[in-house]
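Each chain is listed here by its residues.
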Amino acid sequence: MTSQSRARLIALDWGTTSCRAFLLGDDGAVLAERRQQSGVKALTASAASAGTPRTQAFERAFEQLCGDWLDLSPKLPVIACGMVGSNRGWVETPYRSLPVDLVASTFVMTRVATRDGSLVHIIPGLIADQAVPDVIRGEETQVLGALGVAAGVDNAGLDRIVLLPGTHSKWVRVAGTTVTAFKTFMTGEFFALLSTESTLSQLASTSGETDWDAFDKGLDVAASAASGGGILATAFSARTFAMTGGLAADQVEDYLSGLLIGDEVAAAAPLWQGVHVDEVLICGEAELSERYRRALVKFALPTPREVSDSAATGMWRIAVAAGLVRQHDPSRHASPDSPASPTASAPLRTTHLPRARKLTEASSVTPRAEIGLIAILRGLTVSDAVSVGECLYEAGFRTLEVPLNSPDPLPTISALKKALPANCLVGAGTVLTVEQVRQCHDAGAQIIVSPNTDTAVIAETVRLGMLSFPGAATPSDAFAAIGAGATSVKIFPADQVGINGLKAWTAVVPKHIDLIPVGGVDAANIGEWMSAGATGFGIGSSLYKPGIAVEDLRQRAVAMMAAWTSALDSTRKSE
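About the cut-offs
- Residues numbered from 1 in each chain as written.
- Predicted model: local features only at pLDDT ≥ 70, side-chain atom pairs only at ≥ 80, totals over all residues.
- Heavy atoms only, no water.
- Pairing = 2+ DSSP bridges.
- Helix = DSSP H or I, 4+ residues; strand = E, 2+ residues; numbered from the N terminus.
- Buried < 20%, exposed > 50% of the residue type's maximum accessible area, 1.4 Å probe, protein only.
- Phe/Tyr/Trp six-rings, centres within 6.5 Å; stacked < 30°, edge-to-face > 60°.
- Polar contact = N/O pair within 3.5 Å; in protein donor to acceptor, adjacent residues only side chain to side chain.
- Axes fitted to C-alpha atoms, helices over the stretch in contact; angles between N-to-C directions.
- Contact = heavy atoms within 4.5 Å.
- Right-handed = clockwise from strand over helix to strand, strands pointing away.
- Salt bridge = Lys/Arg side-chain N within 4 Å of Asp/Glu carboxyl O.

Student: Any chance you could explain the sheet that holds strand β5 (residues 96-97) here in plain terms?
Tutor: Across a sheet, strands are paired by hydrogen bonds formed along the backbone, either parallel or antiparallel in direction. If you trace the three strands from one edge of the open sheet to the other, you get β5-β9-β10, paired in mixed fashion. Sheet topology places β5 and β10 (134-136) at the edges, where each strand pairs with a single neighbour. Relative to strand β9 (residues 126-128), β5 runs parallel, the two being bridged by two bridges. Note on β9: the bridge partner recorded for Arg-96 is Leu-126.

Student: Which parts of the structure should I look at to understand unusual backbone geometry?
Tutor: Of all residues except glycine, most have a negative phi; of all peptide bonds, most are trans. The omega angle of the peptide bond from Leu-98 to Pro-99 is -5°, so this bond is cis rather than trans. Structurally, the position occupied by Pro-99 is in the loop between β5 and β6 (100-101). Of the consecutive residues Phe-492 and Pro-493, the connecting peptide bond is found in the cis state with omega at -10°. With phi around 60°, Asp-27 is a residue other than glycine that occupies positive phi space. Counting through the fold element by element, Asp-27 comes out in the loop between β2 (19-24) and β3 (30-36). Assessed through its relative accessible area of 36%, Asp-27 is described here as partly exposed. The backbone of Ala-300 shows a phi angle near 55°, a positive value even though the residue is not glycine. Among the structural elements, Ala-300 can be located in the loop between α9 (286-298) and β15 (305-307). By relative accessible area, Ala-300 is classed as exposed at 69%.

Student: Honestly, the packing of aromatic side chains in this entry has me stumped. Any pointers?
Tutor: Given two aromatic rings, one states the distance between the centres and the angle between the planes to describe the pair. Scanning the model with the defined rule gives seven aromatic pairs in all. Judged by centre distance (5.6 Å) and plane angle (85°), the ring pair of Phe-241 and Tyr-255 falls under edge-to-face. With a gap of 14 residues between them, Phe-241 in helix α7 (residues 237-244) and Tyr-255 in helix α8 (residues 252-267) connect regions that are remote in the sequence. What makes Phe-241 partly exposed here is its relative accessible area of 26%. An angle of 80° between the planes, with centres 6.3 Å apart, marks the rings of Phe-537 and Trp-564 as edge-to-face. In this pair, Phe-537 sits in strand β24 (residues 536-539) while Trp-564 sits in helix α18 (residues 550-574), placing the two residues 27 residues apart along the sequence. Assessed through its relative accessible area of 0%, Phe-537 is described here as buried.

Student: Would you take a moment to explain the side chain of Ser-237 for this structure?
Tutor: On the secondary structure map, Ser-237 appears in helix α7. With a relative accessible area of 14%, Ser-237 lands in the buried category. A distance of 2.5 Å separates a polar side-chain atom of Ser-237 from the backbone oxygen of Thr-234. Within the local environment of Ser-237, its side chain forms a polar contact with the side chain of Tyr-255, the two groups lying 2.6 Å apart.

Student: Would you mind going over the sheet that holds strand β19 (residues 447-449) with me for this structure?
Tutor: With parallel pairing, six strands are arranged side by side in an open sheet as β20-β19-β18-β17-β16-β24. Taken across any chain shown, the strands that pair with only one partner, and hence form the sheet edges, are β20 (467-469) and β24. For this sheet the average axis-to-axis angle between neighbouring strands, irrespective of direction, equals 25°. As paired elements, β19 and β20 share three bridges and run parallel to each other. Pairing of Val-449 across the sheet is with Phe-469, part of β20. With respect to the sheet, helix α12 (residues 409-419) is in contact with β17 (399-403) and β18 (425-429), its orientation differing from that of β17 by roughly 165°.

Student: Mind showing me how you'd approach the pairing of strand β14 (residues 279-283) here?
Tutor: Regular strands place side chains that alternate from one sheet face to the opposite one. Extensive coverage of β14 is indicated by the burial of four of its five residues. Two strands pair when backbone bridges link them, and strand β11 (residues 159-164) and β14 are joined in this way by four bridges, in the parallel orientation. Across the sheet, residue Ile-161 finds its bridge partner in β14, namely Val-280. Relative to β15, β14 runs parallel, the two being bridged by three bridges. If you follow Ile-282 over to β15, its bridge partner there is Glu-306. With α9 bridging β14 and its parallel neighbour β15, the resulting β-α-β unit is right-handed.

Student: Please explain the pattern of salt bridges as it appears in this structure.
Tutor: A pair can form between side chains of opposite charge whenever their charged atoms are brought close. Applying the stated criterion across every chain yields a total of 18 salt bridges. A salt bridge links Arg-294 to Asp-216, with the shortest nitrogen-to-oxygen separation between them at 2.7 Å. Separated by 78 residues along the polypeptide, Arg-294 in helix α9 and Asp-216 in helix α5 (residues 212-223) bring together distant segments of the chain. On the basis of relative accessibility, which here comes to 22%, the residue Arg-294 falls in the partly exposed class. Note that Lys-298 and Asp-220 form a salt bridge whose closest N and O atoms lie 2.5 Å from each other. Of the two residues, Lys-298 sits in helix α9 while Asp-220 sits in helix α5, which places them 78 residues apart along the sequence. Overall, Asp-220 belongs to the partly exposed group, its relative accessible area being 39%.

Student: Mind showing me how you'd approach the environment of Leu-373 here?
Tutor: Locating Leu-373 in the fold gives a position in strand β16 (residues 372-376). Owing to a relative accessible area of 2%, Leu-373 belongs among the buried residues under this scheme. Residues Leu-373 and Gly-396, spaced 23 residues apart in sequence, show a C-alpha to C-alpha distance of 9.1 Å. Look past the residues within four positions of Leu-373 in its chain and what remains in contact with it is Phe-397, Thr-399, Ile-526, Phe-537, Met-560, Met-561 and Trp-564.

As structure tokens, then:
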């Protein structure tokens, strides 16, 4: 029987035709798995037919699949991949542009708040932004799972081709864990159309068993230099062979499959040109993977290694990288509420200090209390950037903001980004124009903070895959920001809005939107602001001023983190 008490994560592989839900335990072990035919296509069509928003259809399907799991473990984080993040899915999720490191901790996932208070974190797809653009949604997660990225597995020096056969087959080039190129082939969809809707289907019948002789014959024709012209020149032979006795009716479909897969493998050859490939992986259903294995052998390409169902593994790895879950360490027996131990990549000299949660759109499974503190470093110089950044990181801060009216802000952002661990986010503040958004992105900023609500600035920030924290002084400003794509709102100036004003905001602002007061917040009143509904804070002059001694900064940072942790604990106890 499944041990719900060991559950750590719900992972959804939500594609065009079906949705699979996984209940994952320590180290991503699958505790339970469910499947429904509630794919994106069916849910969108049913919502259109009923005249209801498709978001409602997705939420109902999610509740049917995972409701009982969440009843027993209401704080479980939820992650999803696939077409659920398309413009026909639950909510559209931006793409990441190649090259993309699949285990980078700095990318942004789109969050969807459900009626039961859960947050579903949707993994962004990948885009090859080239003369003929190409996209991936969902397969990137399978690629990561197929790579076997786990403790003790070193991918750094390996160059691979990962082949994902299916309706739209993907050939993905991966250096280490970084996707550098990919190509899509509509082989499965064309097979379905040709074998059911075209004139070729009229002489075909289904036998129920694979005829490998007919399939290999299709590969031979596809590989023949004499055939020429690709699939458009060879497809009609499925009909002529059937007419002249070269194929029996129950061989036509397997022959056609050989033609199409052979043509795909031949067309994918440029992926191999001029590059060393250490390994080829096939990640798909066993029978379909065998077809591609035979085709690779036919075309004298490396023999592939077959990898079974890898989506759940990939989603677990992404959840770990994003901070949604922690990798299980059997040597530790600390209570779940104790502070995280320092890691090898980010050692802390003061390990007793409370730790701020990482501020990304993927960071929180408790939507109202986990956003953390933002250090606003107005006036910071390049020369002081590393010492100030390291001091704040050691005290527990995981989000730093450099306002653009500081001396040399862009080099300062770059210096912080380079010096600090990957789980520390560096942002730009006082960003007023679209051009400034682009400049900050080029400098390495991951967050764009503005004193006002400018929908063009917000839209460009979201397009570039960064977090947008627009300033709002009224609920009207907040709703304009949310409509432009912001999922967090900076309440500025907070002392003008006031604690009672914030309480009024929370009655109308959607609960999945983070509210971050800036201005007038200090260690003495942070608890009152949190009780009013704040989910995070921007801390400016009460924390940092130009020229402050590092030891003084450390003391202020420790006091602020202690106040934050105390307020956080009080809020949790009152829930």
